[in-house]
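# Chain and residue survey
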Amino acid sequence: MRTSNRRAWVPLVVTGALLLAAGCGGDDDSGGDDAMKITYSLPTPESLLFYPPIVAEELGFFEQEGVKAEFVTAGEEIPSTALVENGDVDIAMADIDELVISHAQGGTQQVPFSPQHSNTAGTVVPEDSPIQDFSELAGQTVGLASEEDTAQVEAQLLAAGLSGDDIETIVVGTSGGLIKQTFDEGEIDAYVGARSDFTAIEATGTPLRNITPEDVQAIDGNPVAVMPETLESKRDALVGFFRAWAMGQYVGLEHPDVVEQIVRDQVPAEWRNEAVAEAALEGSIELMQPDDPERIGDVRPEVWTTAQDLLASVGIIEEKADIADILDDSLIEEINDFDRAEVDAAVEEWQQENGG
């Protein structure tokens, strides 16, 4: 749950945005090539934070699936739902609240794939803190990355059975060094922010422990939105794209050292600060740990129902939507119909060829 706060996955390690990839949804490609081409957008420029398509391209998974995957960089001011509605891209990662709000207003986007089974934001404490659970924050001071995180705090308080009167909050920003200092000086007992903020803190040598309430922690980070007509007209291409993504995601879960080697080469600017990059990659892989390893990208209706109830209770959304109208799990089994051993073999072959 990111409450439409794009900061949540803007990587601190990225030093510059890539140019807009050529050829959006309606380019001059024709015939079968166009039918098997998928244009996609992420919340960031190409980044280790979303390593699966980088790995899938490098290891030939897109080619294996007969899919041409074309990444499109979009500005922060353009909502992901608008990108797919306008036909600028075939698929885009969106926030749960963004999709619910859109559907409540008549939107028709669907989610057939959701790779992050964990929230991209939450609450952390230093690893050596005596606080073991969010409910233990009663009477404590909580630092916020920004005022925008107030609603997020309210949702976590609700999930933990607390109220706003139980804690004191202060805005401390997103500087890792400054937040470490506020922890060290006892000015805050916990910190609420995004994974990128946590990465900046850990890069200072401060290990953290996540105490986000379970119902909030389980909320999908960046589900994938697609228009129903695209889901119908490009079904085979979408299955191929998501399967290649799932194979790349699997590599991260089983061979994180290989993923690191690949993203070091493909996005070298993100590795200028080794500590930040290593923490960011570890966090990205953790976010993409599926509930069921045989159902990577599962859409989990029960999680969405709980998320919507929390979002509505704290005023992040004003109207609820029918979750069944948003989620479509009809592709999940096909997406996961790949031989894990063959992926392992492809990884081993790549390592032999690249000195891994």
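Not measured: the values here are computed from a predicted model.

Moving on, we come to the sheet that holds strand β9 (residues 208-210). Note: strands within a sheet are paired through backbone hydrogen bonds, in either parallel or antiparallel orientation. Strands sit in the order β7-β6-β8-β5-β9 across an open sheet of 5 strands; the sheet is mixed. The sheet terminates laterally at β7 (168-171) and β9, the two strands that pair on one side only. Between one strand and the next, the sheet's axes are offset by a mean angle of 35°, whatever the strand orientation. As judged from the 3 bridges shared by strand β6 (residues 141-144) and strand β8 (residues 190-194), these two strands associate in the parallel manner. Residue Gly143 lies in a different strand from β8, and its bridge partner there is Tyr191.

What follows concerns the environment of Lys68. Summarising the element assignment, Lys68 is placed in strand β2 (residues 68-71). Placed 11 residues apart in sequence, Lys68 and Glu57 show a C-alpha to C-alpha distance of 9.6 Å.

Moving on: the environment of Thr305. Along the chain, the position of Thr305 falls in helix α14 (residues 301-313). You can call Thr305 partly exposed: its relative accessible area is 36%. Note: C-alpha distance between Thr305 and Asp322 (17 residues apart in sequence) is 9.0 Å.

It is worth spelling out the packing of helix α12 (residues 256-266) against helix α13 (residues 274-287) at this point. It is the contact of α12 with α13, at a shortest axis distance of 11 Å, that shows an interaxial angle of 125°. One element, α12, and the other, α13, form an angle in the oblique class. With respect to the hand of their crossing, α12 and α13 are arranged in right-handed fashion. Along the contact surface, α12 presents Pro256, Val259, Glu260, Val263 and Arg264, while α13 presents Glu274, Glu278, Leu281 and Ile285.

A separate point is the pairing of β8. β8 sits mainly inside the fold: 5 of its 5 residues count as buried. Where strand β5 (residues 121-126) and β8 come together, 4 bridges link them in antiparallel fashion. Across the sheet, the residue bridging to Ala121 is Ala194, located in β8.

Let us look at a negative patch on the surface. Residues Glu57, Glu58, Glu63 and Asp265 make up a contiguous surface patch of negative charge. Looking at the secondary structure, you find Asp265 in helix α12.

Once that is clear, we can look at helix α2 (residues 51-58). The element α2 is extensively covered by neighbouring structure, given that 6 of its 8 residues are classed as buried. Restricting attention to buried positions, one finds in α2 the residues Tyr51, Pro52, Pro53, Ile54, Val55 and Ala56. Tucked into the core, α2 has its buried residues touching β1 (37-41), α3 (61-64), α11 (235-254), α12 and α13. Downstream of α2 by a residue or two, Gly60 has a phi angle that is positive, lying close to 80°.

The next thing to look at is the sheet that holds β1. Reading across the sheet, the 5 strands line up as β2-β1-β3-β10-β4 and stay open at both edges, with mixed pairing between neighbours. Because the sheet does not close on itself, it has two edges, and the strands there are β2 and β4 (110-113). The mean inter-strand angle of the sheet, taken between neighbouring strand axes irrespective of direction, is 35°. Examined bridge by bridge, β1 and strand β3 (residues 91-93) share 2 bridges and lie parallel to one another. When the bridges of β3 are listed, Tyr40 appears paired with Ile91.

Moving on, we come to the pattern of salt bridges. One pass over the full model with this rule turns up 12 salt bridges. Across the pair Lys234 and Asp90 runs a salt bridge whose closest N-O atoms are separated by 3.2 Å. Separated by 144 residues along the polypeptide, Lys234 in the loop between α10 (228-233) and α11 and Asp90 in the loop between α4 (80-85) and β3 bring together distant segments of the chain. For the pair Lys234 and Asp90, a shared accessibility class is recorded, and that class is buried.

With that settled, consider the nonpolar core. Residues Ile91, Phe241, Val251 and Val263 are the most contacted members of the largest nonpolar core, which totals 51 residues. For this core, the element with the highest residue contribution is α11, accounting for 11 residues. For Val263, the contacting residues outside a window of four places in its chain are Leu48, Tyr51, Ile54, Pro268, Trp271 and Leu281. Formed by 26 residues, the second largest nonpolar core is a distinct cluster that contains Val72, Leu99, Ala225 and Trp304.

Before going further, it helps to spend a moment on unusual backbone geometry. The backbone phi angle of Arg300 is positive, close to 50°, even though this residue is not glycine. Its relative accessible area of 4% is what places Arg300 among the buried residues.

For the rest of this paragraph, the subject is helix α6 (residues 150-159). Along α6, the residues that are buried comprise Ala151, Gln152, Val153, Ala155, Gln156 and Leu157. Taken together, the buried residues of α6 touch β5, β6, β8, α9 (214-217) and α14.

The residue Gly143 is located in strand β6 in this model. In this structure Gly143 comes out as buried when scored by relative accessible area, which is 0%. Remark: the alpha-carbon pair of Gly143 and Asp189, spanning 46 residues in sequence, is separated by 7.6 Å. Once residues lying within four places of it in the same chain are set aside, the contact partners of Gly143 are Ile170, Val172, Ile188, Ala190, Tyr191 and Val192.

Reading the values: the criteria
- Residues numbered from 1 in each chain as written.
- Predicted model: local features only at pLDDT ≥ 70, side-chain atom pairs only at ≥ 80, totals over all residues.
- Heavy atoms only, no water.
- Pairing = 2+ DSSP bridges.
- Helix = DSSP H or I, 4+ residues; strand = E, 2+ residues; numbered from the N terminus.
- Axes fitted to C-alpha atoms, helices over the stretch in contact; angles between N-to-C directions.
- Buried < 20%, exposed > 50% of the residue type's maximum accessible area, 1.4 Å probe, protein only.
- Parallel < 35°, antiparallel > 145°, perpendicular 65-115°, else oblique.
- Left-handed = near helix turned anticlockwise from the far one by under 90°.
- Contact = heavy atoms within 4.5 Å.
- Patch = residues over 30% accessible without salt bridge, like charges linked within 9 Å, V, L, I, M, F, W, Y side chains within 5 Å.
- Areas by Shrake-Rupley, 256 points an atom, 1.4 Å probe, with all protein chains shown as cover.
- Salt bridge = Lys/Arg side-chain N within 4 Å of Asp/Glu carboxyl O.
- Lys, Arg positive; Asp, Glu negative; His and termini not counted.
- Charge placed at Lys NZ, Arg CZ, Asp CG, Glu CD.
- Core = buried A, V, L, I, M, F, W, Y, C linked by side-chain atoms within 4.5 Å.

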